[in-house]
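Fold and geometry: a report
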Amino acid sequence: MRARTAALLALGASALGAVFAAYSTYDYAQQLDRQVHAVHCSFIPGAPVSSDADNPCKAALFSSFSAIYRSTYWGGGPISLFGLGAFVFFVGFAVYLAVGDRRLPRTAYPTLAGLSVGPLGVSVVMLVISLNHLHALCKLCVGIYVSSLVLAASAFVGMAAHAREAKAEGGAGEAGWW
């Protein structure tokens, strides 16, 4: 796989993760008026909302793990909002990588790889919480988990491909941070 292809894959994963995080954040904001609202719970972004009482997304939404500082500040800060910010950043960074192609510094792909470990780590922690405490998997959350995994995988593949392409062009071919 070429480095640019990996950047485009990272772009797609980041964009999809941003959409899932945006729907999750929107649902959280809707619930702040303390009334019952339908919740998006689908692998297909934009699918009709679900008003089921036994909805795994609703269980995740009302859990104590869905927001930080929930008891300190009104509503707290939803975890999905941080995911939305991260994925939007990765969309911009992936566009930079896809457009920059050969003009990129050799630290560009290692930076993407290093930073992509963050959302992947948070996704693993949230997956463990979902399985062990909630005993259900929210479809929006699974979409975020998969997006994080694809983003990290494409980042590391892109880093190796970028080093390979640089070496083929007569460069050092190292994927270092310096």
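Details of the structure are given in the entry above.
1. Focus: the overall build of the protein
The helix and strand tally for the protein stands at 5 helices and 2 strands. The linear arrangement of helices and strands in the protein, starting from the amino end, is α-α-β-β-α-α-α. For the protein, with 178 residues in total, the buried portion stands at 39%. Residue pairs at least 24 apart in sequence account for 65% of intrachain contacts in the protein once pairs closer than 6 positions are excluded. Just so you have it, the protein exposes about 9,600 Å², and 67% of that area is on carbon and sulfur atoms.

2. Overview of the side chain of S123
Structurally, S123 is set in helix 4 (residues 108-134). Judged by relative accessible area, which is 7%, S123 ranks as buried. Polar contacts involving the side chain of S123 include one to the side chain of S148, which spans 2.9 Å. Contact partners of S123, with chain neighbours within four places excluded, come to I144, Y145 and S148.

3. What to know about the packing of aromatic side chains
One pass over the structure, following the stated rule, counts 3 aromatic pairs. Judged by centre distance (5.3 Å) and plane angle (70°), the ring pair of F89 and F90 falls under edge-to-face. Given the relative accessible area of 40%, F89 is considered partly exposed. Look at F93 and Y96: their rings are 5.8 Å apart centre to centre, the planes differ by 45°, and that puts the pair in the tilted class. Highlighted residues: F93 and Y96, both in helix 3 (residues 79-100), separated by 3 residues, approximately one helical turn. Here Y96 falls in the partly exposed class, since its relative accessible area comes to 40%. Three or more aromatic residues joined by ring pairs form one cluster here, namely F89, F90, F93 and Y96.

4. Section: the nonpolar core
Here is a general trend for soluble globular proteins: nonpolar side chains tend to be buried in one another's company. One finds L97, Y109, L112 and L151 to be the most contacted residues of the largest nonpolar core, which totals 27 residues. No other element matches the 8 residues that helix 5 (residues 139-168) contributes to this core. With residues up to four places along the chain from it excluded, the contact list for L97 reads A7, L104, A108, Y109 and L112.

5. Remarks on the environment of A152
With respect to the helices, strands and loops of the structure, A152 is situated in helix 5. Judged by relative accessible area, which is 4%, A152 ranks as buried. Measuring from C-alpha to C-alpha, the distance between A152 and S116 comes to 5.0 Å, with 36 residues separating the pair along the chain. Every residue in contact with A152, bar those within four places of it in the chain, is listed here: S116 and L120.

Definitions and limits used
- Residues numbered from 1 in each chain as written.
- Predicted model: local features only at pLDDT ≥ 70, side-chain atom pairs only at ≥ 80, totals over all residues.
- Heavy atoms only, no water.
- Helix = DSSP H or I, 4+ residues; strand = E, 2+ residues; numbered from the N terminus.
- Buried < 20%, exposed > 50% of the residue type's maximum accessible area, 1.4 Å probe, protein only.
- Contact = heavy atoms within 4.5 Å.
- Areas by Shrake-Rupley, 256 points an atom, 1.4 Å probe, with all protein chains shown as cover.
- Polar contact = N/O pair within 3.5 Å; in protein donor to acceptor, adjacent residues only side chain to side chain.
- Phe/Tyr/Trp six-rings, centres within 6.5 Å; stacked < 30°, edge-to-face > 60°.
- Core = buried A, V, L, I, M, F, W, Y, C linked by side-chain atoms within 4.5 Å.

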